[in-house]
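# Report on the structure
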Amino acid sequence: MSSSEIKSLEYSAALKEFVPARLKHLILLNHGGGSTSVSRGIAVQMINSIEYVLEHGTSRPLQQLSICELEQAYKDGMNNILRQVEICRLLYRKVKNDLPACASPSMKYSLESFRCSFTQYQPESNAREYPCDISYQLCCQLDPKMEGIDYAYGYLSRLQSENHFISDIDQEQCIRVLNSYIKCWKSVPINLYEPIMTNTIGRIILKLPLSSLSISRKQCQMLRQKFCLMNREEINAVLMNASIDASDLFHLNHADQSYLCMSLNALSYRINALKNTDGLNRVFLQYIRN
């Protein structure tokens, strides 16, 4: 990518000066040999990294910044990103140390892919891509626009909230729910939190003890009768009240409670769609016989 092509982008006058100068510096830093010529793809990747770093260094629109302000924003942005990398490193260690006994191979594999990522991540030249290989899906997916270290932090923090909840429940009961959900749960990258959380909340609503997580056909019918005349907002209100009880029972912190509420909001749509059908039996699960 030539200097003239960069300057033709939709930038302010200050950005048109700052970006080519920073790009030249990155090329010399990463490719050496005294050449400032790289492929268009690499140049675009580096420009995207420059913008990502700048956006992490200021809350103001980049087009409003002077050259001096852009220099400061880039410095601040890089410092903020590097601090976030260290936060993620500590978070990774905590999540790894606190894995529930029922953790699946997919969860462990996805988490292990973060092990070397903190030194492999290159915010200078490729800030928007984070070097991890994730197959284990979260109950509440991240915004698809989330990139780089923001994605890493978002994934690890949500996984931590899911596993906090799972770990507070008898693991034998968790495994029995998962076996009822799908027999091959250990060999496929399904989310473990959703079925365990759903049955837990169902039993809390019915004021049943959590010594078991199974919801029988009769108990599911009781839930159906409770929800059948409610609209989605009313169903959600019932679930939110149950989340308060769950928070008290499991001593959930603010992040875990917020994640539970997000998950229950999604569950309210499923219940609303299936409340007058037998499909609710596939939402709240009865233990299958071994």
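Residues numbered from 1 in each chain as written. Predicted model: local features only at pLDDT ≥ 70, side-chain atom pairs only at ≥ 80, totals over all residues. Heavy atoms only, no water.

### Quick notes on the overall build of the chain
Scanning the chain from terminus to terminus reveals 13 helices and 0 strands. For the chain, the sequential pattern of α-helices and β-strands runs α-α-α-α-α-α-α-α-α-α-α-α-α. Relative to the compact-globule value of 19 Å for 290 residues, the chain shows a C-alpha radius of gyration of 24 Å, a clear excess of over 25%. Reported as C-alpha extents along the three principal axes, the dimensions of the chain are approximately 75 × 35 × 30 Å. Here the chain holds 290 residues, and the buried ones make up 47% of them. Partitioning the contacts of the chain with sequence separation of at least 6, the portion at a separation of at least 24 is 64%. (Helix = DSSP H or I, 4+ residues; strand = E, 2+ residues; numbered from the N terminus. Rg over C-alpha atoms; globule rule 2.2 N^0.38 Å. Buried < 20%, exposed > 50% of the residue type's maximum accessible area, 1.4 Å probe, protein only. Contact = heavy atoms within 4.5 Å.)

### Points about the confidence of the model for the chain
Per-residue confidence for the chain averages 92 on the pLDDT scale, and 93% of its residues sit at or above 70. Counting contacts from residues 1–8, a segment whose pLDDT is below 50, to residues more than four positions away or on other chains yields 15 contacts. (pLDDT = per-residue confidence, 0-100.)

### Some words on the packing of aromatic side chains
Scanning all chains against the criterion turns up 9 aromatic pairs. Pairing Y151 with Y155 gives two aromatic rings, centres 6.5 Å apart and planes at 20°, and the pair type is stacked. Remark: Y155 and Y151 occur in helix α8 (residues 148–167); sequence separation between them is 4 residues, near one turn of the helix. Taken together, a centroid distance of 5.5 Å and an interplanar angle of 75° make the contact between F165 and Y193 edge-to-face. Residue F165 is located in helix α8, and its partner Y193 is located in helix α10 (residues 193–205); the two are separated by 28 residues in the primary sequence. Both residues of the pair, F165 and Y193, belong to the buried class. When the ring centre of Y74 is taken as reference, the NZ or CZ atom of R22 above it lies at 4.2 Å. Here the guanidinium or amino end of R232 rests over the ring plane of Y269, the centre of that ring lying 4.2 Å away. (Phe/Tyr/Trp six-rings, centres within 6.5 Å; stacked < 30°, edge-to-face > 60°. Lys NZ or Arg CZ within 6 Å of the ring centre and 35° of its normal.)

### Describing the nonpolar core
In this structure, L54, I149 and I201 are the most contacted members of the largest nonpolar core, which totals 85 residues. Considering each element in turn, this core owes the most residues, 10 residues, to helix α4 (residues 67–97). Residues in contact with I201, not counting those within four places in the same chain, are L239, A242, S243, A246 and L264. (Core = buried A, V, L, I, M, F, W, Y, C linked by side-chain atoms within 4.5 Å.)

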